[in-house]
Amino acid sequence: MPEFNSDVLVVGGGPAGSSAATWAARSGLSVILIDKEVFPRDKPCGDGLTPRAIHELLALGLGEWLETRPKNLGLRAAGFGQELLLPWDGPSLPRYGSAAPRIELDNRILQVARDAGVTVHDGVAATDVSLDGDVITAVHAQREDESITYRSKHVIIADGVRSQLGRKLKREWHRDTAYGVAARAYITSERSDDEWISSHLELRGSQNEVLSGYGWIFPLGNGEVNIGVGTLATQKRPADLNLRALMSQYTEIRREEWKLSGDLRLPWSAMLPMGGAVSGIAGSNFMFIGDAAGCVNPLNGEGIDYGLETGRLAAQMLASETDFTHAWPAELQAHYGYAFSIARRLAGYLTVPRLLPTLGPIGMRSRSLMKVALRVMGNLVTEEDKDLVARVWRGAGKVSTAFDQRKPFS
Ligand SMILES: Cc1cc2nc3c(=O)[nH]c(=O)nc-3n(C[C@H](O)[C@H](O)[C@H](O)COP(=O)(O)OP(=O)(O)OC[C@H]3O[C@@H](n4cnc5c(N)ncnc54)[C@H](O)[C@@H]3O)c2cc1C
């Protein structure tokens, strides 16, 4: 049975895993990354890159590649009889976003990891771990019929929403806190070069009821748009929906406006863990990052930037801590605790029937309010920001945290 040794093993080669592997390799560690899929691989996603994701991609060295991608200026928010153009806002971040099909984006970031010296084994699925207390002494994996053992000092787990290793390591996803369900597809559009990403905040179900979610159209600049729908749910109020039917209905409503032609391509749905509603995310020598740690914005479902950031933070922690059990949740709480606490509380309220139809029209009437909403929904408040919106958002987060029965990442 083949056996491999390294300083760091990263499980999962999405944005989170590739980012962690790159930064760990750049700090001089020997790194192996395994992924159960063979790259390039697809993944259900809206493909939207917020300025915060752009910031991380630039830091990884993907600036030249980003120049070949379309740039978007912000969000066209529509619904309840209004349409607003809301430029990306946030004093310490780039003023543009982008969109890139995940089959291409994730392959690019993985290549950055390879270029940094990471050994990539794709087509290899982690199946189990050997433990000594809460120290992972080996990760067991499978490539077709071959069993492989990986031994490393540290393990970074970035195996996504379902996290197979999470099940072995007592990680728990708390679905009494708001989570997302969403579906995406691709379709040809004459407006593929539109400079704004679009969200329709008045998403209606089969009974014409307003759903606690939104429809999106993200131009890809390649003759196609990414089109999708997503809604919020909790254990108490599950989303009882046929997502694909909803996506088809949404597509037909938008067909003329977006000059869409042909059928939906590659429809795919998935759940989204949100707001750090995951506990058991670290042990002595391992850390969960990205979706596996519930790092998705509860107000808009974006998680690529959190994946990239938590990958970088985890790699930094390898150098500064010898035991991650408490240090890693504390680090995530310090970075995201307040924002996740207030955002997931608001997301939970949005699942209450009739709240969105009542508040939506009021919110959409105010451009200033929606500008603020885009900034907080787009995760565009950084720790360095000292302006009024940033201070109020952090203050609201602090108050919300005080009332949390279970804080993010605990
Ligand atoms: C429909 C939908 C739309 C979305 N739209 C957006 C958007 O527009 N913008 C945005 O920022 N975010 C969006 N998100 C969220 C975003 O896709 C995730 O937050 C992001 O992919 C998280 O990255 P990750 O690296 O943690 O996980 P992933 O990207 O899921 O990567 C996990 C990797 O682990 C591998 N893996 C899994 N199990 C194993 C195993 N046992 N062994 C080895 N490898 C394994 C998988 O093959 C995969 O490559 C959307 C999500 C959905 C479902």
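Residues numbered from 1 in each chain as written. Predicted model: local features only at pLDDT ≥ 70, side-chain atom pairs only at ≥ 80, totals over all residues. Heavy atoms only, no water.

(A) Summary view of the sheet that holds strand β16 (residues 224–233). Reading across the sheet, the 7 strands line up as β6-β5-β14-β15-β16-β13-β17 and stay open at both edges, with mixed pairing between neighbours. Where the open sheet ends on each side, the last strands, each with one partner, are β6 (82–87) and β17 (260–272). Strand-to-strand, the axes of this sheet are offset by a mean angle of 20°, without reference to chain direction. Here 6 bridges tie strand β5 (residues 74–79) to β6, and the two strands are oriented antiparallel to one another. Residue pairing for β6: Ala-77 is matched across the bridge by Leu-84. (Pairing = 2+ DSSP bridges. Helix = DSSP H or I, 4+ residues; strand = E, 2+ residues; numbered from the N terminus. Axes fitted to C-alpha atoms, helices over the stretch in contact; angles between N-to-C directions.)

(B) Spatial organisation of the packing of helix α2 (residues 51–60) against helix α7 (residues 304–320). Between α2 and α7, the shortest axis-to-axis distance is 8 Å and the interhelical angle comes to 45°. Taken as axis vectors, α2 and α7 run oblique relative to one another. As α2 runs across α7, the sense of the crossing is left-handed. Contact residues: α2 offers Arg-52, Ala-53, Glu-56, Leu-57 and Leu-60, while α7 offers Asp-305, Leu-308, Glu-309 and Arg-312. Here the residues of the contact of α2 with α7 sort into 4 nonpolar, no polar and 5 charged. (Parallel < 35°, antiparallel > 145°, perpendicular 65-115°, else oblique. Left-handed = near helix turned anticlockwise from the far one by under 90°. Contact = heavy atoms within 4.5 Å. Nonpolar A, V, L, I, M, F, W, Y, C, P; charged D, E, K, R; others polar.)

(C) Representation of the nonpolar core in the model. In this structure, Ile-34, Val-139, Tyr-150 and Trp-328 are the most contacted members of the largest nonpolar core, which totals 75 residues. Beyond its immediate chain neighbours, meaning those up to four positions away, Val-139 contacts Leu-9, Ala-126, Asp-128, Val-129, Ile-148, Thr-149, Tyr-150, Val-155 and Leu-165. If you look at the next biggest cluster of nonpolar residues, it comprises 32 residues, including Leu-75, Leu-86, Leu-201 and Leu-380. (Core = buried A, V, L, I, M, F, W, Y, C linked by side-chain atoms within 4.5 Å. Buried < 20%, exposed > 50% of the residue type's maximum accessible area, 1.4 Å probe, protein only.)

(D) View of the pattern of salt bridges. In total, this model carries 22 salt bridges according to the counting rule given. Among the salt bridges present, the one from Arg-143 reaches Glu-146, with a minimum N-O distance of 3.8 Å. On the basis of relative accessibility, which here comes to 31%, the residue Arg-143 falls in the partly exposed class. Among the residues examined, Glu-146 registers a relative accessible area of 35% and is labelled partly exposed. Salt bridges sharing common partners tie together Arg-76, Glu-83, Arg-191 and Asp-194. (Salt bridge = Lys/Arg side-chain N within 4 Å of Asp/Glu carboxyl O.)

(E) The packing of aromatic side chains, seen in detail. Taken as a whole and judged by the stated rule, the model has 9 aromatic pairs. Arranged with centres 6.0 Å apart and planes meeting at 80°, the rings of Trp-173 and Tyr-179 form a pair that is edge-to-face. We classify Tyr-179 as buried; its relative accessible area is 10%. Members of the aromatic cluster, each reached through a chain of ring pairs, are Tyr-306, Tyr-336, Phe-340 and Phe-409. Between the NZ or CZ atom of Arg-175 and the centre of the ring of Trp-173, over which it lies, the distance is 4.2 Å. Above the face of the Trp-258 ring, Arg-191 is positioned so that its terminal group lies 3.9 Å from the ring centre. (Phe/Tyr/Trp six-rings, centres within 6.5 Å; stacked < 30°, edge-to-face > 60°. Lys NZ or Arg CZ within 6 Å of the ring centre and 35° of its normal.)

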